[in-house]
Amino acid sequence: MAWTIDDLDTPAVLVDLDRVEANLGRAQAYADQHGLRLRPHIKTHKIPELAHRQVALGAVGITCQKLGEAEVMADHGLDDILLTYNLLGPAKLARLIALARRVRLTVTLDNQVVARGLDAAMRAAGLRLPVLIECDTGGERCGVQRPEEALAMARLVDGLPGLHFAGLMTYPAKGGTEATAAWLGEAKALLAAAGLEPTIVSTGGTPDLYRAHRVGAATEHRPGTYIYSDRFQASVGVGTLDDCALRVLTTVVSRPNEDRLVLDAGSKTLSGDTLGLEGYGHVVEYPQLAIAKLSEEHGHVSAAGSNAKPGIGERVTVIPNHACVVSNLHDVVYAVRGERVERVLPVAARGKVT
């Protein structure tokens, strides 16, 4: 007997495989056209099967934010991993050594405390670890603040026997592609003049994916959300809502009055991220509905602006604002083509935040 979406209980996370394939294919074609290596960030899906598919289509490896994610991916046969997070403390360094003995591993850092800790750990283990210097080109996360600081950090890393300076890394959330290009171009020139030409210059982010070629110094790009897309990505012009592969199937469980209804998907299903958008998701079948508020298990929907209103028991699909967070809230997603459920995919790296 065929298994369809109608057989699923709600709330349930659906991943449309045809949309996934289209999103992956478009990104890989773009990267190939512009001579960029693609190193997708698995934080969006956290599913080894999808990471393998990204590599099969041409990705050079994967990116993980946390050691736990990387360990899960290594357990499932992913071999070339970039870890984009400062790693500190004996527990993490012991795990890092174990991981570095299993797979090709590169790490990032932005300060000498992390650099010296990594160096001591690698020397004690008889290993040498490739390192990218994280650069703050406008994202205001981690990262050295000026190109001159990137050079100083590269010189430090180059002088530590347990480490190997391999290049630069940035996540340019603010300032635009031009600012990123100027920052990294200056840093690359300083490094080259000092005899420390970077082999890798890694940029990131799905919003910047289709203009990554404008960063002349870049050798690779690390998009994450592109595999699923979401309401935010559509709002900034990375495809449209129709490209969004991850959707949440939910049921109307209450209609307290004519202008208000309640879904069985709250903050534990859709997340509380707004990312500057109005409301907490887009209701596909009733686009004029507004998911105005979330409590833990309830999605509070305003129907005041909609002529058509679903009834109690009706099922609707929601495109979330931020697909990455939704992935981390669920044990499984349902891989679908049209109305057919093809298989259940465990979110194997869910909750791996250490």
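The rules behind the values
Residues numbered from 1 in each chain as written. Predicted model: local features only at pLDDT ≥ 70, side-chain atom pairs only at ≥ 80, totals over all residues. Heavy atoms only, no water. Helix = DSSP H or I, 4+ residues; strand = E, 2+ residues; numbered from the N terminus. Contact = heavy atoms within 4.5 Å. Salt bridge = Lys/Arg side-chain N within 4 Å of Asp/Glu carboxyl O. Buried < 20%, exposed > 50% of the residue type's maximum accessible area, 1.4 Å probe, protein only. Pairing = 2+ DSSP bridges. Polar contact = N/O pair within 3.5 Å; in protein donor to acceptor, adjacent residues only side chain to side chain. Expected span 1.5 Å × (residues − 1). Phe/Tyr/Trp six-rings, centres within 6.5 Å; stacked < 30°, edge-to-face > 60°. Axes fitted to C-alpha atoms, helices over the stretch in contact; angles between N-to-C directions. Parallel < 35°, antiparallel > 145°, perpendicular 65-115°, else oblique. Left-handed = near helix turned anticlockwise from the far one by under 90°. Core = buried A, V, L, I, M, F, W, Y, C linked by side-chain atoms within 4.5 Å.

## Observations regarding the environment of Gly 143
Looking at the secondary structure, you find Gly 143 in the loop between β6 (129-135) and α6 (147-158). Remark: the alpha-carbon pair of Gly 143 and Ile 133, spanning ten residues in sequence, is separated by 7.6 Å. Leaving out residues up to four positions away in the same chain, Gly 143 has contacts with Asp 110, Glu 134, Cys 135 and Asp 136.

## Remarks on the pattern of salt bridges
Going through the model one piece at a time under the given rule, you end up with 26 salt bridges. In this structure, Arg 19 and Asp 242 form a salt bridge, with 3.0 Å as the shortest nitrogen-oxygen distance. One end of the pair, Arg 19, is in helix α1 (residues 17-33); the other, Asp 242, is in the loop between α8 (231-235) and β10 (246-257), and 223 residues separate them in sequence. Residue classification places Arg 19 among the partly exposed residues on the basis of a relative accessible area of 21%. Glu 149 serves as the salt-bridge partner of Arg 146, at 3.4 Å between the closest nitrogen and oxygen.

## Quick notes on the pairing of strand β14 (residues 299-302)
Side chains on a regular strand alternate between the two faces of the sheet. Taken together, the four bridges between strand β11 (residues 260-263) and β14 define a ladder with antiparallel strand orientation. For Val 262, the partnering residue across the bridge sits in β14 and is His 300. As consecutive antiparallel partners, strand β13 (residues 290-294) and β14 are separated by four residues.

## Remarks on the sheet that holds strand β2 (residues 37-38)
Taken in spatial order, the eight strands line up as β2-β9-β8-β7-β6-β5-β4-β3 in an open sheet, and their pairing is parallel. The sheet is open, and its two borders are formed by β2 and β3 (62-64), each paired with just one other strand. Relative to β6, strand β5 (residues 104-109) runs parallel, the two sharing three bridges. Considered in β6, the bridge of Leu 109 is made with Ile 133.

## Focus: the environment of Arg 231
Looking at where Arg 231 falls in the secondary structure, it is placed in helix α8. As a C-alpha pair, Arg 231 and Leu 78 span 153 residues in sequence and 29 Å in three-dimensional space. Setting aside chain neighbours within four positions, we find Arg 231 in contact with Leu 241, Cys 244, Leu 277, Glu 278, Gly 279, Tyr 280, Gly 281, His 282, Ile 319, Pro 320 and Asn 321. A polar contact of 2.9 Å, which involves the side chain of Arg 231, links it to the backbone oxygen of Glu 278.

## A short note on α6
With twelve residues, α6 extends 16 Å between its outermost C-alpha atoms, agreeing within 8% with the 16 Å of an ideal straight helix rising 1.5 Å per residue. Residues Pro 147, Ala 150, Leu 151, Met 153, Ala 154, Leu 156 and Val 157 constitute the buried set of α6. On its buried face, α6 sits against β5, α5 (112-125), β6, β7 (163-170) and α7 (176-193).

## A look at the packing of aromatic side chains
This model, assessed by the stated rule, comprises two aromatic pairs. Here the aromatic rings of Trp 3 and Tyr 334 are separated by 6.1 Å at their centres, their planes lie at 85 degrees, and the arrangement is edge-to-face. Of the two residues, Trp 3 is situated in the segment before β1 (12-16) and Tyr 334 in strand β16 (residues 332-337); the sequence distance between them amounts to 331 residues. Overall, the relative accessible area of 34% leaves Trp 3 in the partly exposed class.

## Quick word on the side chain of Asp 119
Relative to the helices and strands, Asp 119 resides in helix α5. With residues near it in sequence (within four places) discarded, Asp 119 still touches Leu 160, Pro 161, Gly 162 and Leu 163.

## Digging into the side chain of Thr 180
Note that Thr 180 resides in helix α7. Excluding anything up to four places from it in sequence, Thr 180 contacts Thr 137, Thr 170, Pro 172, Thr 203 and Val 215.

## A look at the packing of helix α3 (residues 67-75) against helix α4 (residues 90-100)
As a packed pair, α3 and α4 sit with axes 11 Å apart at the nearest point and diverge in direction by 25 degrees. Our classification of the angle between α3 and α4 gives roughly parallel. Classified by chirality, the crossing of α4 by α3 is left-handed. Where α3 abuts α4, its residues Leu 67, Gly 68, Ala 70, Glu 71 and Ala 74 lie against Lys 92, Arg 95, Leu 96 and Leu 99.

## So, the nonpolar core
The nonpolar side chains of soluble globular proteins are, as a tendency, buried together. Leu 83, Leu 96, Leu 109, Leu 163 and Tyr 228 are the most contacted members of the largest nonpolar core, which totals 94 residues. Contact partners of Leu 96, with chain neighbours within four places excluded, come to Leu 67, Leu 83, Leu 87, Leu 105, Val 107, Leu 118, Met 122 and Leu 129. Core analysis: the next-biggest nonpolar cluster, separate from the first, contains eight residues, Ile 5, Ala 12, Leu 14 and Tyr 334 among them.

## Quick notes on unusual backbone geometry
A cis amide bond, omega 0 degrees, links Thr 10 with the succeeding residue Pro 11. By secondary structure assignment, the location of Pro 11 is in the segment before β1. Phi at Lys 46 is positive, roughly 60 degrees, even though this residue is not glycine. Assignment of secondary structure puts Lys 46 in the loop between β2 and α2 (48-56). At Glu 140, a position not held by glycine, the phi torsion is positive, near 55 degrees. Its location among the elements puts Glu 140 in the loop between β6 and α6. A relative accessible area of 59% places Glu 140 in the exposed class.

Such coordinate-based values are descriptive only and should not be taken to indicate function.
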